[in-house]
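Working through the structure, step by step
Listed below are the residues making up each chain.
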Amino acid sequence: MHETRTISLTVNGETSTNAVPVRQNLVDFLRNTLGLTGSHVGCEHGVCGACTLEVNGAMVRGCLMLAVQADGAEITTVEGFADSGRGADLRQAFVDRNALQCGYCTPGMLASALEYVEGGGVADRSAIREHLSGNYCRCTGYQSIVDAVCDVIDGRARS
Amino acid sequence: MSGPQTIFDKPNTYIGKSVPRADAVRLTQGRGKYVDDIQLPRMLHAAFVRSPVAHGRIVSINVSEAKAVPGVTAVFTGADFVGQVEPYVGVLSHLAGLRSAPQMPLAVDVARWTGEPLVMVVASSRAIAEDAAALVEIDIEELDPATDMERALDADAPVIHAEFGSNLAWERLVEAGNPDAAFARDDVTVVERRFRFGRHTGVTLETRASVVEYDPSERMLTYWYSGQAPHMMQFILAKHLGLPEENVRVVSQDVGGSFGIKIHTYGDDIATAAAAKILGRPVKFVADRLESFLTDIHARDHVVDGRIAVTADGKIAALAFDDVTGIGPYSMYPRTSAIEANQVLNLTGAPYLIEHYRARARVVFQNKNMMCQYRAVGHPIAMAVADGLLEDAANEIGMDVVEIRRRNLVRDDAYPTVSATGMKFDDLSHHKSLDRLVEMMDYDARRAEHARLRKEGIHRGIGLVSMVEVTNPSPMFYGIGGAPIASQDGTTIRLEAGGAIHVSSSVTEQGQGTNAILAQIAAGVFGVPLDRVKVTTGDTRSTPYGGGTWASRGAGIGGEATLQAAHALKQQVLEVAATILQSTPDKFDIVDGHVVDADGGPPRMSLSDLARTVYYRGNELPSDLSPELVATRHYRVSDFPFVFTNGAMAAEVELDPETGFVKVLNFWAVEDCGRVINPQLVDGQIRGGVVQGIGGAFYEECIYSEDGQLENATMADYLVPMAFEMPDIFVAHVETPTKTSVLGAKGAGEAGTGGAPAALMNAVNDALRPLGASIHQMPMTPERVLKALGTV
């Protein structure tokens, strides 16, 4: 149980090498070892979506992947998106629409919404709702989140 | 109320404007600070061994193997905390007759619900603590459990606390007029229904969490927690850990959802504080999702037999009901688990003119997790019983459900009034709200469309609710009964040297936007741009004393304290300005961070000039002028036990009789929360609340086996509303400011959760009625709908 492996990976553009317990999941490693506390832990079994982050270009659940599986991977967390400016319009739309209350689901919700927007998703409320149905939000009732995503898609289409 | 009534017309007021929340920006960047983000030097981590049975005597506990695991610092059993922690009992003196047994953070001799903490392991990491917890050996002799609340009072039911002789925790009867005679009249139609409301829970996305640091050199305990009521926790920790109150500091930073889950005293949290004190090292405990389902307070769990009598012209002749509710093995500390039943007694039928009324509630112990206050305490039961009976009765006598409400709702010009249950109401707008609702949803056209669609085999339904909501509670809610829960709140505002203001308030922020609306009020009333306001909440060391945010009190109570403090600070500043500018205070105003002439004109001096003069160059001021430039005001509701709000809501659903699935097509909510400070934030509260109400109505249920095992304690098995199933929700406001404050704000946080289930149940029954079926059980799962239809 206490066995470790050494992994090297690039997180938000910075490369690091660490010995990690083989049983540790990725989000715990990012939070506890690298101090990237923006990714949140809500259920630890892949249902709530709070730990959604990008691994090698795909949005995945940080709680369903072991840290050792991320050896050699390129990872972007909410902190990385904020630092690089990627999805800045989406974050602004979340603020403008108040598409967050407590903010705990927000990093994961933003990641899933970004996946939809960057994947060419259209401003169809039902399709947006379906795409975001792996991310649990207890506060907003989702409507303002859908509004924000529509705003971004419309805004990108105009520019 | 006396005060600055003109503040709402000022050019620089932010009250009533949908300005974005300052907090939202950092939360979108991953810069939130939640409890689990805290890392302290030498910090240890706790894990708990919990009872695997609903009722059992602890015969022996062997922790030797667990203690031997490398990295384990300590292992505590219930017995280890005896003498370290003073037991707590969840009773209040104003709930006469309520009884509960003393509780300890870890069960000492008998475990009384599945998931009750028994043993605590403290180790260098959570993983190691869990490894060691798995090695604890506990021998438990199983006892017969009393899980079914409907049988908990039977003569042969196992008695959970032998000293009480039965499982009855509390009972109250409310009676007004002569209900027996009213029901016996020969000109009334009587409708009787049995309602069942399942247990559900809050499912805050951030689970309960605490980090506790104890410094033995100063006997100082610091408790970071994800919670709503820091000063209450300060009292509780001090009392039960034997510390002076001033030696306990409680801090709530970002809170990942609370909804009432995080205002209670949980054994694992108290154990974490006790362990930190004993060990002299910081200890962190973060509940995992399984622990949350097993131990976060559950809500509802009622069976209600209700009766209504209506005359042929639709007047309510009498209303009566009998409520049984199961609260788990103890009444929760310190707010008690009788408040919900009490609310049901007080609020059922409250929007209507009812002369003859009888209500009984029995609150019973059972071997399940504890039930206590969760968002919209008692409201969903009260509203669903009254409006469910009313709509069924309307259909019995062939009257439209809007019309029957118009004939019974208390007139908008009748206030102040007192209800049959003794509740004092003022400033309500039931008729205006209902009219607005009917207009917004295009009621008549929708009814006609449904009739047409029904011929095509499409089964749609409309259901309504007229509701009241308890907000802005006074000392009559908890304080009067001896609870360490402040009913007043305070705000301190100081002028900074740079001309900005700093607001610190005892109400708290859990995402609803408390900090934002305090800033809006302060900026507008005092006269600075919104970005020159900083807000501190959630720290007993640096905020005035107060109750925190629950029962929809943040805006109404904290907001009024902030308004008064901002006004007082402004008077101070104008006095200084008048001295410097050699005039009188009434000649000046503060606009956009500058002192200006009251009758307009260019700025006379900036606030930073004024503040720097006071702080740095006091020599320029007359010696008899000693400005404070800081003002504190406290506020409590004193004329009423609560400031009630009202609303009207409607749901439109489509039923598939083949599968039993119900789709919510539309939802409309009209809310009168008095003065709206930030429409966008209020709408967010309404919509989020409605969606929690939809959860309770259709999805959410803590399913227990007969022997008291929680069978769906994962997020995959316990269904919560997700984006795809939710409708867009249309919100409108009627604004009837409360006269109890200058601000005029009432609460809005619980309306949706309190009202939506009733409207949804009525809508489903409207769709079922032509099929000869009805349902009065929540959640209205497909299986239950099919059973109602008689197809399974």
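Nothing here was measured: the structure is a model prediction, and the numbers come from that model.

Once that is clear, we can look at the packing of aromatic side chains. All names here are of chain B. Counted by the stated rule, this structure contains 17 aromatic pairs over all chains. Look at F195 and F197: their rings are 6.4 Å apart centre to centre, the planes differ by 10 degrees, and that puts the pair in the stacked class. Neither F195 nor F197 differs from the other in exposure class; each is buried. Judged by centre distance (5.5 Å) and plane angle (70 degrees), the ring pair of Y478 and W550 falls under edge-to-face. Within this pair, whereas Y478 is found in the loop between strand 18 (459-471) and strand 19 (489-495), its partner W550 is found in the loop between strand 21 (533-537) and helix 15 (554-580), the two being separated by 72 residues in sequence. Both residues of the pair, Y478 and W550, belong to the buried class. In textbook terms, an aromatic cluster arises when at least three aromatic residues are bridged by ring pairs, as seen for F425, F477, Y478, W550, F642 and F644. Looking at R307, its charged tip hangs above the ring of F183, at a distance of 3.9 Å from the centre.

With that out of the way, let us pick up the environment of G463 of chain B. Residue and element names in this part refer to chain B. Tracing the sequence through the fold places G463 in strand 18. The buried category is assigned to G463, whose relative accessible area is 0%. Distance in space between the C-alpha atoms of G463 and S331 is 35 Å, their sequence separation being 132 residues. If we skip the residues at most four places from it in the chain, G463 touches E391, M649, A650, A651, A759, N762 and A763.

Turning next to the domain arrangement of chain B. All names here are of chain B. We note that the domain assignment places domain 1 (5-32 + 488-635), domain 2 (35-143 + 207-255 + 261-295) and domain 3 (298-475 + 639-789) within chain B. Taking the mean C-alpha position of each, domain 1 and domain 2 sit 40 Å from one another. Counting residues at the interface gives 20 residues for domain 1 and 18 residues for domain 2. Carbon and sulfur atoms make up 46% of the surface buried where domain 1 meets domain 2, a total of about 1400 Å² over both sides. Its salt-bridge partner being D539, residue R249 comes within 2.6 Å of it at the nearest N-O pair. Along the contact surface separating domain 1 from domain 2 lie seven residue pairs in polar contact (both at pLDDT 80 or more). A class-by-class count of the residues in the side of domain 1 that touches domain 2 yields four nonpolar, twelve polar and four charged.

Moving on, we get to the interface of chain B and chain A. If you look at the interface, chain B gives 53 residues, while chain A gives 49 residues. By the criterion of area lost to chain A, the three top residues of chain B are T28, L205 and F724 of chain B, representing 17% of everything that side buries. There are six salt bridges connecting chain B and chain A. The salt bridge partner of E700 of chain B is R138 of chain A, with a shortest N-O separation of 2.7 Å. Taken together, the links from chain B to chain A amount to 28 residue pairs in polar contact (both at pLDDT 80 or more). Counting only elements with at least two residues in the side of chain B that touches chain A, the list comes to helix 1 (22-28), helix 4 (126-133) and helix 17 (679-699) of chain B.

Residues and elements named next belong to chain A. As assigned here, chain A comprises domain 1 (4-81) and domain 2 (87-158). Taking the mean C-alpha position of each, domain 1 and domain 2 sit 22 Å from one another. Facing twelve residues of domain 1, the contacting portion of domain 2 comprises twelve residues. Buried surface at the junction of domain 1 and domain 2, summed over both partners, amounts to about 1100 Å²; 57% is from carbon and sulfur atoms.

Right, let's get into the packing of helix 17 of chain B against helix 18 (residues 751-768) of chain B. All names here are of chain B. At a minimum axis separation of 7 Å, helix 17 and helix 18 run at an interaxial angle of 45 degrees. On the basis of the axis angle, helix 17 is oblique to helix 18. Crossing of helix 17 over helix 18 shows right-handed handedness. For the pair formed by helix 17 and helix 18, the contact residues are I686, G689, V690, Q692, G693, I694, A697 and F698 on the first element and A751, G752, T753, A756, P757, L760 and V764 on the second. Partitioned by chemical class, the residues of the contact of helix 17 with helix 18 number ten nonpolar, five polar and no charged.

Residue and element names in this part refer to chain A. Residues of strand 4 (residues 58-61) alternate between two faces, with M59 and R61 buried on one and A58 and V60 left unburied on the opposite face. As paired strands, strand 3 (residues 52-55) and strand 4 are joined by four bridges and run antiparallel to one another. Directly across from T52, in strand 4, lies its bridge partner R61.

Oppositely charged side chains are able to pair whenever their charged atoms sit close together. Residue and element names in this part refer to chain B. In total, this model carries 62 salt bridges over all chains according to the counting rule given. When the shortest N-O distance is used, the salt bridge between R199 and D301 registers 2.7 Å. Of this pair, R199 sits in strand 8 (residues 188-201) while D301 is found in strand 13 (residues 298-311), placing the two residues 102 residues apart along the sequence. We classify R199 as buried; its relative accessible area is 2%. In this structure D301 comes out as buried when scored by relative accessible area, which is 8%.

Residues and elements named next belong to chain B. If you walk across this open sheet you meet the three strands as 4-2-6, and the pairing is antiparallel. Looking at the sheet topology across the chains shown, the edges are occupied by strand 4 (110-111) and strand 6 (137-142). The pairing of strand 2 (residues 56-62) with strand 4 spans two bridges and is classified as antiparallel. Residue pairing for strand 4: G56 is matched across the bridge by A111.

All names here are of chain B. Within the open sheet, the three strands sit side by side as 22-23-24. Their pairing is antiparallel. Edge positions in the sheet fall to strand 22 (588-591) and strand 24 (603-606), since each has one partner strand and no second. Geometrically, the sheet is characterised by an average inter-axis angle of 30 degrees between neighbouring strands, direction not taken into account. Direction of pairing for strand 22 relative to strand 23 (residues 594-597): antiparallel, over a ladder of four bridges. Residue pairing in the sheet places I590 in a bridge with V595 of strand 23. Where helix 16 (residues 607-616) meets the sheet, it contacts strand 22, strand 23 and strand 24, and its direction lies at approximately 50 degrees from that of strand 24.

Calculation rules
- Residues numbered from 1 in each chain as written.
- Chains lettered and ligands numbered in written order.
- Predicted model: local features only at pLDDT ≥ 70, side-chain atom pairs only at ≥ 80, totals over all residues.
- Heavy atoms only, no water.
- Phe/Tyr/Trp six-rings, centres within 6.5 Å; stacked < 30°, edge-to-face > 60°.
- Buried < 20%, exposed > 50% of the residue type's maximum accessible area, 1.4 Å probe, protein only.
- Helix = DSSP H or I, 4+ residues; strand = E, 2+ residues; numbered from the N terminus.
- Lys NZ or Arg CZ within 6 Å of the ring centre and 35° of its normal.
- Contact = heavy atoms within 4.5 Å.
- Domains from an automatic or database assignment.
- Buried area = accessible area lost by both parts, 1.4 Å probe.
- Salt bridge = Lys/Arg side-chain N within 4 Å of Asp/Glu carboxyl O.
- Polar contact = N/O pair within 3.5 Å; in protein donor to acceptor, adjacent residues only side chain to side chain.
- Nonpolar A, V, L, I, M, F, W, Y, C, P; charged D, E, K, R; others polar.
- Axes fitted to C-alpha atoms, helices over the stretch in contact; angles between N-to-C directions.
- Parallel < 35°, antiparallel > 145°, perpendicular 65-115°, else oblique.
- Left-handed = near helix turned anticlockwise from the far one by under 90°.
- Pairing = 2+ DSSP bridges.

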